[in-house]
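Report on the structure
Now for the letters of each chain:
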Amino acid sequence: MKFTPKTLLLKNGKEVIIRSAELSDAARLLNTVREYINDSEYIPKLNEEFTLSLEEEEQWIKSFIDHKNSLLLIAEYEGQILGNINISSHQRIIMQHTAVIGMGILNAWRNSGLGTHLMQQAIEWAEENPVLELLWLQVYNENRLGLGLYKKMGFQENGVIKNFFKHENRYYDNLTMSLSLK
């Protein structure tokens, strides 16, 4: 299912374009993801673990293009990719009505309303998708900004796994949340 690109105004007065990722975005998207992984304490991947090659990134983008109930959106300002959101659906028949959401934004663009816009666009697309019925995500239980956004968008808490993440001898709880689309 296609996504129609949108130009949206952020709180900082800047207009960003939200659109589907294309294969030609691979190198810039790789750089953006590397930067926000490095700057975030709430993404469960260390910088040294993010080792995708350009070809692997292109294959990842292609997987979203090929699957009708999956979506990869990027937010762009003056040619720079500021962040992305993806809806990754299950391909197994018994779970294809569900999809997990992942999102990341460059540090300088957080608290600008970009996360809300990305999430709104992804949810609206999912609601129009004839296959999807349930979106879910996982979030560090102490990620207050993320939790605030997800609750504002209607996600409900489903459960916590204590001490799920461990980094530098510190434990973090993992909260699963879901949004019913139907």
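The notes below deal with the structure included here.

Quick notes on the rules
- Residues numbered from 1 in each chain as written.
- Predicted model: local features only at pLDDT ≥ 70, side-chain atom pairs only at ≥ 80, totals over all residues.
- Heavy atoms only, no water.
- Helix = DSSP H or I, 4+ residues; strand = E, 2+ residues; numbered from the N terminus.
- Rg over C-alpha atoms; globule rule 2.2 N^0.38 Å.
- Buried < 20%, exposed > 50% of the residue type's maximum accessible area, 1.4 Å probe, protein only.
- Contact = heavy atoms within 4.5 Å.
- Areas by Shrake-Rupley, 256 points an atom, 1.4 Å probe, with all protein chains shown as cover.
- 1 Å grid on protein atoms, 1.4 Å probe; cavity = no way out; pocket = protein on both sides within 12 Å on 5 of 7 lines; lining within 4 Å.
- Points joined across faces, edges and corners; volume = space filled by probe spheres on them.

**Examining the overall build of the chain**
- Counting its regular elements, the chain contains four helices and eight strands.
- Counting from the amino terminus, the chain carries its helices and strands in the arrangement β-β-α-α-β-β-β-α-β-α-β-β.
- Here the C-alpha radius of gyration of the chain, 16 Å, is about what a compact globule of 182 residues would show, namely 16 Å.
- Considered along the principal axes of its C-alpha atoms, the chain spans approximately 40 × 35 × 35 Å.
- The 182 residues of the chain split such that 43% are buried.
- For the chain, contacts bridging at least 24 residues in sequence account for 62% of all contacts bridging at least 6.
- Counting only carbon and sulfur atoms, one obtains 49% of the accessible surface of the chain, whose full area is about 10100 Å².

**Concerning the layout of surface pockets**
- Of the voids in this model, the largest pocket is the one considered here, and its volume is about 1300 Å³.
- The wall of the largest pocket is formed by 47 residues, among which I43, G102, M103, G104 and Y150 lie closest to the centre.
- For the lining of the largest pocket, the secondary structure elements donating two or more residues are α1 (26-39), α2 (54-66), β4 (80-89), β5 (98-105), α3 (114-128), β6 (134-140) and α4 (144-152).

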